[in-house]
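Architecture and fold: a report
The residues making up each chain are set out below.
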Amino acid sequence: MAVSEYQVRPGPEGYLPPAAASMGVELPERGAALVEGRVVPEDDAFQAIAEKLLAARNPVFFPGPAVLWAWKDGVAEKARAVLRLMEVVGARAIPMPDYRPKYPMINPAVEINPNHPNLTIWHNRIDVGVFVGVHCHYANVALKIIRGGTDCYTIALCGEVGHEDAMITLRDVDVKKLERLTEAARALAAAGPPRTGVMPRVGTAV
Amino acid sequence: MSKGLFRISPGFEDVMPAEYKELVTNGPYGRDLGVKDLGTFKELIEEHPLCAGCAEALALRLILASLPSPEDTVIVGSTGCSSLLFTQVAVQNIHSLFGNQNAVATGLKRALRLRFPDKVKDVVVIAGDGATVDIGLDMVMQSWFRRELITTIMLDNEVYANTGGQESGMSPQGAVLYMAPLGKKFPKVNLPEIAREAGCAYVATISPALPRRLGKVVRRAILVAREIGPSYVQVFCPCPTNFKWPSAQVLQKIRDRQKEGIFKVREYVSPEAEAYLAGLEVERQHDEQE
Ligand SMILES: Cc1ncc(C[n+]2csc(CCOP(=O)(O)OP(=O)(O)O)c2C)c(N)n1
Ligand code: SF4
Ligand SMILES: [Mg+2]
């Protein structure tokens, strides 16, 4: 597998940042994850996510329709697991209830919209944002816009194959994986400060 | 979407924006509501950017309140002023390429029938006069010839409003518009007549100045398209911005046109559609409430 030199780092990267895929960043295989464009073992990514969230000034989860709406069996459990993780890392949620490009404008204090996610990030000064339950096509668009126009550090907890346009992405995220991630965060929080707030200490990623 | 899918995951209720919560607790999904109930439930349409006094916006509000099963409806729209409003609407909707709306609706209806054979899914095209009678006429008529089970609603504002005022086939003869300074040389196209000849089982013309009647017409058109054949509703909603009318006068202008006999409320129901509607218990109940 070709290794890309391109790093998926916080922006602002300019009006139209390239899609990370077009720069050679490939999605991780099962059991692996991506940290800033590099494939790493999943446990390393858990650590990196926990560090980022615990060090953040204003960490915010952006739950999308697939987790906000209890539309099939199992979603309520997943939602509960997301809420537990948020509690452990001290994050709050600003929802993305649907994908309509609302005019004249959304209220950035209460929601985030994938067509202009920067409004919510700027308005609330969000330094770390977590996508969960956002369908892939809109997560891809929104993550690219965020990288283009803000310095927000993005994390995607993806139920499918991951998002190369997020700075950190997990794939196949289900309740079990959320619980493992929550445990990693709990352990790190218990270890107490100092928190780095800079690049995560992950083995193969750097 | 079905009503059962419309539940907020426990724990996230607090952060849901108010309008979504209201749709869940007091929306029209799964309830037998109509124009007469406006003001008592959370409407499917939010704040929108159409001009003050826009008759098309009022027509859409009434149409949305009249959908027999909003939770099982997909609206297919086309480019034009209405497309700016659909982004604020809590019904599944597809924005199609200008003029292609009836072709897209055809494919969608057929796919939904395969995917949900035991469910009724209403596919309703809502597009401007330019999209329906001019650029999309081929697709519109072919869908009628093929007897596709879809409802086509034209928002007849008598102009290409969204692109700044070109004349359309529905502009009245003599109309002088921002981008048609010489005045239109031929009369409005008689699309209702064409619809009937082309195989529509239900055809009606209506305006938002008659809200209850509009509600009834839309409902009947959608019900007929479930079983009998294609249906067509032409909603007269002239554009105050392009015709340079004060926004508060639009409804009066519509009424004046009706009085003068220039705009006529009409309804054609095929014998099969007539029998079908008569047999529908639900339709009867509605009629009684009118
Ligand atoms: C394929 C294509 N052709 C042309 C256009 C340009 N266009 C956008 S809106 C519009 C006019 C719409 O007129 P109408 O259907 O009457 O809707 P209204 O805006 O009046 O509601 C046109 C021609 C387009 N968007 N796409
Ligand atoms: S231009 Fe005319 S049709 Fe378009 S939003 Fe304004 S009033 Fe309505
Ligand atoms: Mg028009």
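In what follows, the accompanying structure is described.

This next bit is on the site of ligand 1. Residue and element names in this part refer to chain B. Taken together, 15 residues surround ligand 1, and among them C81, D129, G130, A131 and V159 come closest. Between ligand 1 and the protein, one listed contact pairs an oxygen atom with a side-chain N or O atom of D129 at 2.7 Å. Within the backbone of N162, a nitrogen or oxygen atom sits 3.0 Å from an oxygen atom of ligand 1. Counting residues per element, the shell around ligand 1 draws most heavily on helix α5 (residues 129-135), at three residues. Of the residues belonging to the shell around ligand 1, the class tally is six nonpolar, seven polar and two charged.

Within a regular beta strand, the side chains point alternately toward one face of the sheet and then the other, so they alternate between its two faces. Residue and element names in this part refer to chain B. Pairing analysis gives four bridges linking strand β1 (residues 73-77) to strand β2 (residues 92-95), with the strands arranged parallel. The partner of V76 across the bridge, within β2, is I94. Viewed along the sheet, the connection from β1 through helix α3 (residues 81-86) into β2 turns out right-handed.

Neighbouring ligand 2 are L50, C51, C54, C81, N157, A161, C239, P240, T241 and N242 of chain B. The biggest single contributor to the shell around ligand 2 is helix α9 (residues 240-243) of chain B, with three residues.

With the rule as written, the count across this model stands at eight aromatic pairs over all chains. Geometrically, the ring pair formed by W69 of chain A and Y20 of chain B is tilted, given 6.3 Å between the ring centres and 55° between the ring planes. Of this pair, W69 of chain A sits in the loop between α2 (65-68) and α3 (75-89) while Y20 of chain B sits in helix α1 (residues 18-26), each in a different chain. No difference in accessibility class separates W69 of chain A from Y20 of chain B, as the two residues are buried.

Quick look at the nonpolar core now. F61, I155, L157 and L170 of chain A together with I126 of chain B are the most contacted members of the largest nonpolar core, which totals 97 residues. For I126 of chain B, the contacting residues outside a window of four places in its chain are L60, I63, I75, V76, G77, S78, F86, I153 and L155 of chain B. Counting residues in hydrophobic clusters, the runner-up holds 17 residues, among them I121, F131, V134 and L143 of chain A.

With that out of the way, let us pick up the pattern of salt bridges. One pass over the structure, following the stated rule, counts 27 salt bridges over all chains. Linking R9 of chain A and E36 of chain A is a salt bridge whose minimum nitrogen-to-oxygen distance equals 2.8 Å. Of this pair, R9 of chain A sits in the segment before β1 (32-35) while E36 of chain A sits in the loop between β1 and β2 (38-41); the two residues are 27 residues apart in sequence, bridging distant segments of the chain. Residue classification places R9 of chain A among the partly exposed residues on the basis of a relative accessible area of 34%. A salt bridge links R146 of chain B to E148 of chain B; the shortest N-O distance between them is 2.7 Å. Of the residues examined, R146 of chain B reaches a relative accessible area of 41% and is grouped as partly exposed. It is possible to trace a salt-bridge network through shared partners that takes in E42, D43, K177 and R180 of chain A.

The rules we used
- Residues numbered from 1 in each chain as written.
- Chains lettered and ligands numbered in written order.
- Predicted model: local features only at pLDDT ≥ 70, side-chain atom pairs only at ≥ 80, totals over all residues.
- Heavy atoms only, no water.
- Near = heavy atom within 4 Å.
- Polar contact = N/O pair within 3.5 Å; in protein donor to acceptor, adjacent residues only side chain to side chain.
- Helix = DSSP H or I, 4+ residues; strand = E, 2+ residues; numbered from the N terminus.
- Nonpolar A, V, L, I, M, F, W, Y, C, P; charged D, E, K, R; others polar.
- Pairing = 2+ DSSP bridges.
- Right-handed = clockwise from strand over helix to strand, strands pointing away.
- Phe/Tyr/Trp six-rings, centres within 6.5 Å; stacked < 30°, edge-to-face > 60°.
- Buried < 20%, exposed > 50% of the residue type's maximum accessible area, 1.4 Å probe, protein only.
- Core = buried A, V, L, I, M, F, W, Y, C linked by side-chain atoms within 4.5 Å.
- Contact = heavy atoms within 4.5 Å.
- Salt bridge = Lys/Arg side-chain N within 4 Å of Asp/Glu carboxyl O.

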